Amino acid sequence: MRKFILEDKLKLVIEDEVLSGIYKFNPINYKNENGGILLGKFNKKNNTYIITNISTTNSKDRKGKYFFIRNKKEAQAIINRFWKESKGEINYLGEWHTHNEEYPTPSFIDKQLIKQMLNNKNAEIDNVFMVILGRNKNLYMCTIDDSKKINKLKEE
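Computed from a predicted structure; not experimentally measured. Once a new chain begins, its residue numbering starts again from 1 and follows that chain's sequence as written. Totals for whole chains, interfaces and linings use all residues, but because this is a predicted model, local features are given only for residues with pLDDT of at least 70 and pairs of side-chain atoms are given and counted only at 80 or more. With hydrogens and water set aside, each side-chain value is computed from the structure's full complement of heavy atoms.

(A) Up close: the environment of Lys-149. Along the chain, the position of Lys-149 falls in the loop between β9 (139-144) and β10 (150-152). For Lys-149 and Lys-115, which are 34 residues apart along the polypeptide, the C-alpha to C-alpha distance reads 8.7 Å. Contacts: residue pairs with any heavy atoms within 4.5 Å of one another. The contacts of Lys-149, once residues within four sequence positions are left out, are Thr-143 and Ile-144. Strands are runs of DSSP state E lasting at least 2 residues, helices are runs of H or I lasting at least 4, and numbering of each runs from the N terminus.

Quick look at the structure:
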């Protein structure tokens, strides 16, 4: 389990199983970007988001060397299934994808995407997250809240 923090405002926990699922797509092994959605829950008592599940690339997603575009219909079906099976506990928390660089940073398109994610988010959560996996398991983690400022999370 890895823990990330944004000052004293919020915490993000990523379960080991989720990290393993993301790490399988190490960009060293793929010519195209890969990605999916982040699913999890929010603990209001300690202001902690917990990523418990992810989706991974499917045949309906579009991807290339410098882009990944998930299929919205497929992603929504996954979100709905987890929501229903968890009786409303597991929800959409954001997106993840890969960059073929050692230390990933969000592109202009990534920044536009996270702002769009904020506009489309469920009222149940205040923040949405973006995880970018670079080569050798290097992660870039960021969030955006209603102020529309993108904030990089630091490992705790």
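Alright, that's what it looks like, and here's the rest.
(B) Just the pattern of salt bridges, in detail. Salt bridge, as used here, is a side-chain nitrogen of Lys or Arg placed within 4 Å of a carboxyl oxygen of Asp or Glu. Applying the stated criterion across every chain, the model contains 7 salt bridges. A salt bridge links Glu-155 to Arg-2, with the shortest nitrogen-to-oxygen separation between them at 2.7 Å. Of the two residues, Glu-155 is situated in strand β11 (residues 154-155) and Arg-2 in strand β1 (residues 2-6); the sequence distance between them amounts to 153 residues.

(C) Layout of the packing of aromatic side chains. Aromatic pairing here means that ring centres of Phe, Tyr or Trp (its six-membered ring) are within 6.5 Å. Orientation follows from the plane angle: under 30 degrees is stacked, over 60 is edge-to-face, and everything else is tilted. On inspection of all chains with the given rule, the structure shows 4 aromatic pairs. Seen in terms of ring centroids, Phe-25 and Trp-96 are 5.6 Å apart; in terms of plane orientation they differ by 50°. Their pairing is tilted. Here the residue Phe-25 occupies a position in the loop between α1 (16-23) and β3 (35-43), and Trp-96 occupies one in strand β7 (residues 91-98), the gap between them amounting to 71 residues. Classification of Phe-25 as buried rests on a relative accessible area of 13%. Burial classes: relative accessible area under 20% of the type maximum marks a residue as buried, over 50% as exposed, and values in between as partly exposed (1.4 Å probe, protein chains only). Overall, Trp-96 belongs to the buried group, its relative accessible area being 1%. Centre to centre, the rings of Tyr-49 and Phe-129 are 4.9 Å apart; their planes meet at 70°, and the pair counts as edge-to-face. Here Tyr-49, found in strand β4 (residues 48-54), pairs with Phe-129, found in strand β8 (residues 128-133); they are 80 residues apart in sequence, far enough to count as distant. Phe-129 carries the same exposure label as Tyr-49, and that label is buried. Through a chain of ring-to-ring contacts, three or more aromatic side chains come together here, namely Phe-25, Tyr-30 and Trp-96.

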